[in-house]
Amino acid sequence: MSEIADTIHDFGESTPRVVADLHSTTFEIEYIRDDVAGRYSDRDLDKAYKLIMAHTVTGDDFKSLIGEGRFNAQTLFFEDIIVFFFPSKRYEGVFASFDYDDSFPVNDLVRAVSETRSDR
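Because the structure is a prediction, the values reported are computed rather than measured.

Structural notes on the nonpolar core
Membership of the largest hydrophobic core comes to 16 residues, with the highest contact counts inside it found for I8, F84, F86, F98, F104 and L109. If you list the elements that add at least two residues to this core, you get α1 (3-9), β4 (81-89), β5 (92-99) and α4 (106-118). Element by element, the count of residues in this core is highest for α4, at 4 residues. Look past the residues within four positions of F86 in its chain and what remains in contact with it is I4, I8, N72, A73, G93, V94, L109, V110, V113 and R117. A20, I52, V83 and F85 belong to the second-largest nonpolar core, a separate cluster that totals 10 residues.

So this is what it looks like as structure tokens:
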């Protein structure tokens, strides 16, 4: 597992649903929770990977508009799931999803991953 994936997997009391290292042309599922594993086929995971990577490529244009500061994470909030994409290199990063409610420590997770990346 990458350092970022390790940090996410070991984060607090929240057990991730899925953690995956995403590369420019491939991905590796580093962790998938038992109750989630049977819900997604390899085809579903491949489709999700392609959608995330397409969004990441277009996100570079948006990042250039903002200009300043480090890009720490993209988040998607669903009714009861939160999804993160933590970029590591150009067109690479770590995907993570968690069960979500109002008590989920979003800022704490982003801070923990940012600290992991700054340790390098």
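Some remarks on the packing of aromatic side chains
On inspection of all chains with the given rule, the structure shows 6 aromatic pairs. Between F77 and Y100, the ring centres sit 5.3 Å apart and the planes meet at 75 degrees, which makes this aromatic pair edge-to-face. Of this pair, F77 sits in strand β3 (residues 74-77) while Y100 sits in the loop between β5 and α4; the two residues are 23 residues apart in sequence, bridging distant segments of the chain. A relative accessible area of 45% places F77 in the partly exposed class. Geometrically, the ring pair formed by F84 and F104 is tilted, given 6.1 Å between the ring centres and 35 degrees between the ring planes. Of the two residues, F84 is situated in strand β4 and F104 in the loop between β5 and α4; the sequence distance between them amounts to 20 residues.

About the thresholds
Residues numbered from 1 in each chain as written. Predicted model: local features only at pLDDT ≥ 70, side-chain atom pairs only at ≥ 80, totals over all residues. Heavy atoms only, no water. Core = buried A, V, L, I, M, F, W, Y, C linked by side-chain atoms within 4.5 Å. Buried < 20%, exposed > 50% of the residue type's maximum accessible area, 1.4 Å probe, protein only. Helix = DSSP H or I, 4+ residues; strand = E, 2+ residues; numbered from the N terminus. Contact = heavy atoms within 4.5 Å. Phe/Tyr/Trp six-rings, centres within 6.5 Å; stacked < 30°, edge-to-face > 60°.

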